[in-house]
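# Coordinates in review
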Amino acid sequence: MKHNSQHLKKFLYYYLISQQHFIYENFRSGAAQPHVYAKDLSTLDYPIVSPTKQKLIVEKLDKNFSQIKLAKEILNNKKQNFLKLKSAILIDKLQTTTI
């Protein structure tokens, strides 16, 4: 049963993330420190999805977000390599032109 409740928590997390813009636009309070009350979140309509489908949805989203994270890491590494190469080329060019 604990396994299912973990999927339910993550399913709700993903659902709320998907509704973030709507929540901020309709329930946000406060100017200096914007916030949303739990009582307002309780008024949202939540999808009724079987535990089996919740598990499948969570697993698919976890996999996709994992792939996105990996792609961002690869992109960041390539960017860092590019900046190092660019710097090396500029240093080499400056050294050869000042001789």
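No experiment lies behind these values; they were computed from the predicted model shown. (Residues numbered from 1 in each chain as written. Predicted model: local features only at pLDDT ≥ 70, side-chain atom pairs only at ≥ 80, totals over all residues. Heavy atoms only, no water.)

Along the protein chain, the regular secondary structure elements total four helices and zero strands. Taking 13 Å as the expected radius of gyration for a compact globule of 99 residues, we find that the protein chain reaches 23 Å, considerably beyond that expectation. Each principal axis of the C-alpha distribution contributes one length, and for the protein chain these read about 75 × 40 × 20 Å. Burial analysis of the protein chain (99 residues in total) assigns 11% to the buried set. Considering only intrachain contacts with a sequence separation of at least 6, the fraction spanning at least 24 residues in the protein chain is 59%. Of the side-chain charges in the protein chain, 16 are positive and 7 negative, and the distance between the mean point of each set is 6 Å. (Helix = DSSP H or I, 4+ residues; strand = E, 2+ residues; numbered from the N terminus. Rg over C-alpha atoms; globule rule 2.2 N^0.38 Å. Buried < 20%, exposed > 50% of the residue type's maximum accessible area, 1.4 Å probe, protein only. Contact = heavy atoms within 4.5 Å. Lys, Arg positive; Asp, Glu negative; His and termini not counted. Charge placed at Lys NZ, Arg CZ, Asp CG, Glu CD.)

The subject of this paragraph is the packing of aromatic side chains. Throughout the structure, instances matching the rule amount to four aromatic pairs. Measuring from centroid to centroid gives 5.5 Å for Tyr13 and Tyr14, while their planes differ by 55°, and the two rings are tilted. Using a relative accessible area of 47% as the deciding quantity, one classes Tyr13 as partly exposed. Overall, the relative accessible area of 13% leaves Tyr14 in the buried class. Pairing Phe22 with Phe27 gives two aromatic rings, centres 6.1 Å apart and planes at 85°, and the pair type is edge-to-face. Relative accessible area serves as the criterion here: at 39%, Phe22 is assigned to the partly exposed category. These aromatic residues form a ring-pair network of at least three members: Tyr13, Tyr14 and Phe65. (Phe/Tyr/Trp six-rings, centres within 6.5 Å; stacked < 30°, edge-to-face > 60°.)

So, about the confidence of the model for the protein chain. Of all residues in the protein chain, 94% have pLDDT values of 70 or greater, and the mean over the chain is 90. Taking the mean pLDDT of every element in the protein chain, the minimum, 83, falls on helix α1 (residues 2–18) and the maximum, 94, on helix α4 (residues 51–97). (pLDDT = per-residue confidence, 0-100.)

With the rule as written, the count across this model stands at three salt bridges. Lys39 is paired through a salt bridge with Asp40; the nearest N and O atoms lie 3.7 Å apart. Overall, the relative accessible area of 15% leaves Asp40 in the buried class. (Salt bridge = Lys/Arg side-chain N within 4 Å of Asp/Glu carboxyl O.)

For Ser5, the location among the structural elements is in helix α1. Judged by its relative accessible area of 31%, Ser5 is partly exposed. Sequence separation between Ser5 and Lys55 is 50 residues, and the spatial gap between their C-alpha atoms is 10.0 Å.

By the element assignment, Pro34 lies in the loop between α2 (20–27) and α3 (38–41). C-alpha separation for the pair Pro34 and Tyr24, spaced ten residues apart in sequence, amounts to 9.0 Å. Not counting chain neighbours up to four residues away, the residues in contact with Pro34 comprise Arg28 and Ser29.

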